[in-house]
Amino acid sequence: MTHAKRTGRQERNHHDRHRRHERKAILDKAETEARTILGKARAKAETLTAEAKKKADEQIEQATRRKQGIDQEADRRIGESREQAQKLLSDANTEADRILKTAEEKAAGIDTKAKARIADADRREHEAAHTVDQARRLLADAAARLARPMPELPATNPRE
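A brief structural summary. (Residues numbered from 1 in each chain as written. Predicted model: local features only at pLDDT ≥ 70, side-chain atom pairs only at ≥ 80, totals over all residues. Heavy atoms only, no water.)

We now examine the pattern of salt bridges. One pass over the structure, following the stated rule, counts 16 salt bridges. In this structure, D16 engages R19 in a salt bridge whose closest nitrogen and oxygen atoms are separated by 3.1 Å. Of this pair, D16 and R19 both sit in helix α1 (residues 8-147), three residues apart, which is roughly one turn of the helix. On the accessibility criterion, R19 (42% relative accessible area) is partly exposed. The residue R76 makes a salt bridge to E80 at a minimum N-O spacing of 2.3 Å. One end of the pair, R76, and the other, E80, are both in helix α1, four residues apart, so they sit about a helical turn from each other. A residue is classified by how much of its surface remains accessible, and R76, at 38% relative accessible area, is partly exposed. A single salt-bridge network, built from bridges that share partners, covers E73, R76, R77 and E80. (Salt bridge = Lys/Arg side-chain N within 4 Å of Asp/Glu carboxyl O. Helix = DSSP H or I, 4+ residues; strand = E, 2+ residues; numbered from the N terminus. Buried < 20%, exposed > 50% of the residue type's maximum accessible area, 1.4 Å probe, protein only.)

Given below as structure tokens:
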């Protein structure tokens, strides 16, 4: 078959098909480029996301280490404060015990002295009562003697 010359309509249809084919090729190429760009963008986004996540994880780890360090320091300080408080309490108890012992010793000494003074006073009172009893007996004797009639004494008159 020989190539016959195309009619105007055939020519237009041929050009339309050719243009459609070119447009499809352009669209396919644009779509392929868009897919490539999207793929690269997704890959870059994933890379950036992974890097951001890694940085965030590092920062979280650093913050966790700092927090642990702060917690350990706080625990150490609390322990020191607790030890200081225990020592102060122990010292206060020791001082209170010493003061109490001294006071008890003084009280015992005072009590011993007071008992000795009371015993002395009781002894002196007993002695005084005994002396008073003796004095009463002597006075009673003297009164009894005075009450008796005097015996006549032999006269020792030089005139006789």
